[in-house]
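Chains, contacts and geometry: an overview
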Amino acid sequence: EALQAVRQDGSRLRLASMELRGDEEVVLEAMSENREALRHASSNLRAKKDFVLEAVKRSESALRYASDSLRADKEVVLEAVRKESSALQYASDTLQADKEVVLEAVRMSGLALQYASAELKADKEVVLAAIRGDGRALEHASDNLRA
């Protein structure tokens with residue numbers, strides 16, 4: 001019954017019992033209909049690495065609702081930015097300053113540069129990779145590199 005309900009409307013997950021909001025199958029089913037459904041999953045599920053890795057493969061917004069520890073997990077964040085570069089905005093500050101992660105994001109879309117740390121917005125390699133993908137990325141580069 002719960003599976004049927006979330007198949008029709010993933011946002012109904014918010015009305016489900018805590019037990020169902022912690023059920024991987026139910027939450028993934030809800031995400032199939034509503035990519036934002038992870039926000040209603042149990043905190044335990046949002047902190048479970050294997051589950052969140054699967055969730056970020058399915059939805060670009062999943063990283064937004066992952067636990068803080070998983071938003072700071074390089075493997076999870078790399079998977080998320082490979083799906084959607086703008087997921088970088090939900091990564092921890094440490095990973096927004098991680099050159100490998102940011103390069104991955106800006107290679108997908110140069111505009112992801114806006115979510116990088118100030119230090120990487122001043123990094124010539126990162127900025128060049130970003131503007132190769134989208135010239136508009138230059139507006140997010142440091143003043144030094146725009147001059």
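The following refers to the structure shown.

Cut-off values and rules
Residues numbered from 1 in each chain as written. Predicted model: local features only at pLDDT ≥ 70, side-chain atom pairs only at ≥ 80, totals over all residues. Heavy atoms only, no water. Salt bridge = Lys/Arg side-chain N within 4 Å of Asp/Glu carboxyl O. Helix = DSSP H or I, 4+ residues; strand = E, 2+ residues; numbered from the N terminus. Buried < 20%, exposed > 50% of the residue type's maximum accessible area, 1.4 Å probe, protein only. Contact = heavy atoms within 4.5 Å. Core = buried A, V, L, I, M, F, W, Y, C linked by side-chain atoms within 4.5 Å. Axes fitted to C-alpha atoms, helices over the stretch in contact; angles between N-to-C directions. Parallel < 35°, antiparallel > 145°, perpendicular 65-115°, else oblique. Nonpolar A, V, L, I, M, F, W, Y, C, P; charged D, E, K, R; others polar. Polar contact = N/O pair within 3.5 Å; in protein donor to acceptor, adjacent residues only side chain to side chain.

Details of the pattern of salt bridges
If you walk through the whole model with that rule in mind, you get 13 salt bridges. Here glutamate 100 and lysine 74 are joined by a salt bridge, their closest N and O atoms 2.8 Å apart. Remark: lysine 74 occurs in helix 8 (residues 74–83) and glutamate 100 occurs in helix 10 (residues 99–108); sequence separation between them is 26 residues. What makes glutamate 100 partly exposed here is its relative accessible area of 45%. Residue lysine 74 is classed as partly exposed on the basis of its relative accessible area, which comes to 31%. For lysine 99, the salt bridge identified is with glutamate 125, shortest N-O distance 2.8 Å. One end of the pair, lysine 99, is in helix 10; the other, glutamate 125, is in helix 12 (residues 124–133), and 26 residues separate them in sequence. You can call lysine 99 partly exposed: its relative accessible area is 31%. One continuous salt-bridge network, built from bridges that share partners, spans Lys49, Asp73 and Glu75.

So, the side chain of aspartate 98
Residue placement: aspartate 98 occurs in the loop between helix 9 (93–96) and helix 10. Those residues in contact with aspartate 98 that lie beyond four places of it in its chain are Lys74 and Leu120.

Section: the nonpolar core
Of all hydrophobic cores here, the largest spans 47 residues; its most connected members are Leu38, Leu63 and Val106. Counting residues per element, the ones that place at least two in this core are helix 3 (24–33), helix 5 (49–58), helix 6 (62–65), helix 8, helix 10 and helix 12. Beyond its immediate stretch of four places on either side in the chain, valine 106 contacts Ala112, Leu113, Val126, Ala129 and Ala130.

Section: the environment of glycine 133
Position of glycine 133 among the secondary structure elements: in helix 12. When its relative accessible area of 53% is taken as the criterion, glycine 133 is described as exposed. Here the alpha-carbon distance between glycine 133 and valine 27, two residues 106 residues apart in the chain, equals 34 Å.

Quick look at the environment of arginine 12
With respect to the secondary-structure elements, arginine 12 resides in the loop between helix 1 (2–8) and helix 2 (18–21). Look at arginine 12 and you get partly exposed, because its relative accessible area is 35%. Along the sequence, arginine 12 and asparagine 34 sit 22 residues apart, while their C-alpha atoms lie 9.5 Å from each other. Residues within four places of arginine 12 in sequence aside, it is in contact with Ala5 and Val6.

As for the packing of helix 5 against helix 8
Describing two packed helices takes the angle between their axes plus the distance from one axis to the other. Contact pair helix 5 / helix 8: the axes reach a minimum separation of 8 Å and the direction vectors enclose 10°. Here helix 5 lies roughly parallel to helix 8, going by the angle between them. In this structure, helix 5 uses Lys49, Val52, Leu53, Val56, Lys57 and Arg58 to contact helix 8, whose residues at the interface are Glu75, Val76, Glu79, Ala80 and Lys83. Here the contact of helix 5 with helix 8 is built from residues that sort into five nonpolar, no polar and six charged.

What about helix 8?
Looking only at helix 8, the buried set comprises Val76, Val77, Leu78, Ala80 and Val81. Two to three positions downstream of the cap, the backbone nitrogen of glutamate 75 sits 3.0 Å from a side-chain oxygen, assigning the N-cap of helix 8 to aspartate 73.

Distances and angles like these do not, on their own, reveal function.
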